[in-house]
Amino acid sequence: MKADPFAQLALLRLQGIDTALDRNRHTQANLPERAEVARLRKVAVEAHNRVVRATTELTDLRRALRKAEDGVASVRARADRDRALLASGNVTSPKQLADLEHEVASLGRRQSDLEDAELEVMEAVEQAESELALAEEADSAAAADLARAEAAEQEALADLGAEQQRLTEERAGSTEGIPADLLSAYQRIRDHGNAIAVGLLRYGRCESCQMELSRVDIAAARAAAVDEVLRCPECQAIMVRSEESGL
Ligand SMILES: [Zn+2]
């Protein structure tokens, strides 16, 4: 294939733009900000679940506390009633009096047991309240972290998108002056997986695959006409000659 040396240099510039576009795509696909958002999203879900658990726990314990308070109140009311009856003087039978006194004493013990249990539930409620406060704090912090990370991801994507657009526009303008056959040869090499489809022949070395050319290949390159399109014998990339080629 033959192509004007200027067209070959234009192809080299096109490769520069395509390399930048490849890098841009790779960066977009492997954005560390995206991984960070995914990580923080999990943290936020965990933090939210912790709040839900703590809320449920506290609701249950508050219900248990009301039940314990009701239990203490009803025992106390019954003991008060018994004591009032004793003080009223209406009960005169020694047997009934003894029974009432016995019941007051037993209610007293019962009340004391229930109050101990109530105290335990109160402590559990306090613990659950502070756990809920901590969980809500962690939840807010996780939500704020996530929002920051999402903003950073959007910013990174916007920057990369702007760069991609600029490069795409630059690319559209830089294919002019490149003959169609040279351009399609370049595209074929890239399609075959060689992202660097054209490189300089620099000091006897293919810039695409970095292989050093044999003396025979260098002699052939030296003998080739200036508009001959050279291909690397190793990677098939197009080699563009310049003053640095070492020919
Ligand atoms: Zn090569």
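The rules behind each value
Residues numbered from 1 in each chain as written. Predicted model: local features only at pLDDT ≥ 70, side-chain atom pairs only at ≥ 80, totals over all residues. Heavy atoms only, no water. Helix = DSSP H or I, 4+ residues; strand = E, 2+ residues; numbered from the N terminus. Donors = N, O, S within 2.8 Å, 3.2 Å for Na, K, Ca; no water. Tetrahedral: all angles 85-135°; square planar, octahedral: opposite > 155°, others 65-115°. Patch = residues over 30% accessible without salt bridge, like charges linked within 9 Å, V, L, I, M, F, W, Y side chains within 5 Å. Areas by Shrake-Rupley, 256 points an atom, 1.4 Å probe, with all protein chains shown as cover. Salt bridge = Lys/Arg side-chain N within 4 Å of Asp/Glu carboxyl O. Lys, Arg positive; Asp, Glu negative; His and termini not counted. Charge placed at Lys NZ, Arg CZ, Asp CG, Glu CD. Expected span 1.5 Å × (residues − 1). Axes fitted to C-alpha atoms, helices over the stretch in contact; angles between N-to-C directions. Parallel < 35°, antiparallel > 145°, perpendicular 65-115°, else oblique. Left-handed = near helix turned anticlockwise from the far one by under 90°. Contact = heavy atoms within 4.5 Å. Nonpolar A, V, L, I, M, F, W, Y, C, P; charged D, E, K, R; others polar. Buried < 20%, exposed > 50% of the residue type's maximum accessible area, 1.4 Å probe, protein only. Domains from an automatic or database assignment. Buried area = accessible area lost by both parts, 1.4 Å probe.

**Focus: the environment of Glu 169**
Link 1 in the chain: Its location among the elements puts Glu 169 in helix 3 (residues 94–174).
Link 2 in the chain: Sequence separation between Glu 169 and Gln 154 is 15 residues, and the spatial gap between their C-alpha atoms is 22 Å.

**Remarks on the coordination of the zinc ion**
Where a metal carries four tetrahedral donors, each ideal angle is 109.5 degrees; where it carries six octahedral donors, the ideal angles are 90 or 180 degrees.
Link 1 in the chain: For the zinc ion, every protein donor is listed as Cys 206 (SG), Cys 209 (SG), Cys 232 (SG) and Cys 235 (SG), and the spread of their distances is 2.3 Å.
Link 2 in the chain: Note that the zinc ion binds four donor atoms; their angles at the metal cover 108 to 112°, and the shape is tetrahedral.

**Description of a negative patch on the surface**
Link 1 in the chain: Residues Asp 113, Asp 116, Glu 120, Glu 123 and Glu 126 make up a contiguous surface patch of negative charge.
Link 2 in the chain: Mapped onto the fold, Glu 126 is located in helix 3.

**What about helix 2 (residues 32–88)?**
Given 3.6 residues per helical turn, the α-helix brings residues three or four places apart onto the same face.
Link 1 in the chain: Across its 57 residues, helix 2 extends 83 Å between first and last C-alpha, which sits within 8% of the 84 Å expected from 1.5 Å per residue.
Link 2 in the chain: Note on helix 2: the residue one or two positions beyond its end, Gly 89, has a positive phi of about 80°.

**Section: the packing of helix 1 (residues 5–29) against helix 3**
Link 1 in the chain: Contact geometry of helix 1 with helix 3 gives a least axis separation of 10 Å together with a crossing angle of 160°. Between helix 1 and helix 3, the interaxial angle falls into the category roughly antiparallel. Seen from above, helix 1 lies across helix 3 with left-handed handedness. Where helix 1 approaches helix 3, its residues Leu 14, Ile 17, Asp 18, Ala 20, Leu 21, Asn 24, Arg 25, Thr 27 and Gln 28 are matched on the opposing element by Leu 157, Leu 160, Gly 161, Glu 163, Gln 164, Leu 167, Thr 168, Glu 170, Arg 171 and Ser 174.
Link 2 in the chain: In terms of residue class, the contact of helix 1 with helix 3 is built from seven nonpolar, seven polar and five charged.

**Here we look at the side chain of Gln 111**
Link 1 in the chain: Within the secondary structure layout, Gln 111 lies in helix 3.
Link 2 in the chain: Residue classification places Gln 111 among the buried positions, given a relative accessible area of 14%.
Link 3 in the chain: Ignoring any residue separated from it by four or fewer positions in sequence, one finds Gln 111 in contact with Val 72, Val 75 and Arg 76.

**Regarding the domain arrangement of the protein chain**
Bring the parts together and some accessible area is lost; that lost area is often taken as the interface size.
Link 1 in the chain: The domain architecture assigned to the protein chain consists of domain 1 (5–20 + 179–245) and domain 2 (31–174).
Link 2 in the chain: One C-alpha centre belongs to domain 1, the other to domain 2, and the line joining them spans 70 Å.
Link 3 in the chain: Contact with domain 1, which involves six residues of that partner, is made by four residues of domain 2.
Link 4 in the chain: Looking only at domain 1, the three residues that lose the most surface to domain 2 are Leu 14, Ile 17 and Ala 20, adding up to 76% of its buried area.
Link 5 in the chain: Taken together, domain 1 and domain 2 are joined by one salt bridge.
Link 6 in the chain: As a salt-bridge pair, Arg 171 and Asp 18 come within 2.6 Å of each other at their nearest N and O atoms.

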